[in-house]
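# Examination of the molecular architecture
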Amino acid sequence: MKDREKNYPKGIEKYQGDPQKVKNPYSGESITIPADAIAVYDMIKGCELFEDYDSMRVGLDWFRQYEPKAYMVLLD
């Protein structure tokens, strides 16, 4: 867990709370992810909206490393 926290994307405020179910808007699949991953997912989707692909890549790389199953459901 420490490595996960150490490599958390800079500038992202972690959510506090329980894991939540997140739904892929394209496929309709959903998966429950921890609060810190929700913050990164939200950052990724915001970067996609504003075409900030460099920051989006940072989030995607973190997600792929620390939440690989959720990455496949939500972002692949």
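The notes below deal with the structure included here. (Residues numbered from 1 in each chain as written. Predicted model: local features only at pLDDT ≥ 70, side-chain atom pairs only at ≥ 80, totals over all residues. Heavy atoms only, no water.)

### As for the overall build of the protein
In terms of regular secondary structure, the protein is built from 4 helices and 2 strands. When the helices and strands of the protein are read in sequence order from the N terminus, they spell out α-β-β-α-α-α. Along the first, second and third principal axes, the C-alpha atoms of the protein reach 30 × 30 × 20 Å. The proportion of buried residues among the 76 residues of the protein is 38%. Long-range pairs, those at least 24 residues apart, make up 47% of the contacts in the protein between residues at least 6 apart in sequence. When the accessible area of the protein is evaluated, it comes to approximately 5,200 Å², of which 50% is carbon and sulfur surface. (Helix = DSSP H or I, 4+ residues; strand = E, 2+ residues; numbered from the N terminus. Buried < 20%, exposed > 50% of the residue type's maximum accessible area, 1.4 Å probe, protein only. Contact = heavy atoms within 4.5 Å. Areas by Shrake-Rupley, 256 points an atom, 1.4 Å probe, with all protein chains shown as cover.)

### Notes on the pattern of salt bridges
With the rule as written, the count across this model stands at 5 salt bridges. When the shortest N-O distance is used, the salt bridge between D61 and R57 registers 3.6 Å. A residue pair is termed a helical-turn pair when its members lie 3 or 4 positions apart in one helix, as D61 and R57 do in helix α3 (residues 53-66) at 4 residues. On the basis of relative accessibility, which here comes to 40%, the residue R57 falls in the partly exposed class. The shortest N-O distance in the salt bridge between R64 and D61 comes to 3.1 Å. Taken together, the residues span about one helical turn, with R64 and D61 both in helix α3 at a distance of 3 residues. Connected through shared salt-bridge partners, R4, D36 and E67 make up one network. (Salt bridge = Lys/Arg side-chain N within 4 Å of Asp/Glu carboxyl O.)

### Notes on the nonpolar core
Within the largest apolar cluster, 22 residues are counted, with the highest numbers of intra-cluster contacts made by I33, V40, I44, W62, F63, L74 and L75. Listed by contribution, the elements that provide at least two residues to this core are β2 (30-33), α2 (35-49), α3 and α4 (68-74). For this core, the leading source of residues is α2, giving 8 residues. Setting aside anything within four residues of it in sequence, one finds I33 in contact with P19, Q20, V22, I38, F63, E67, A70 and L74. (Core = buried A, V, L, I, M, F, W, Y, C linked by side-chain atoms within 4.5 Å.)

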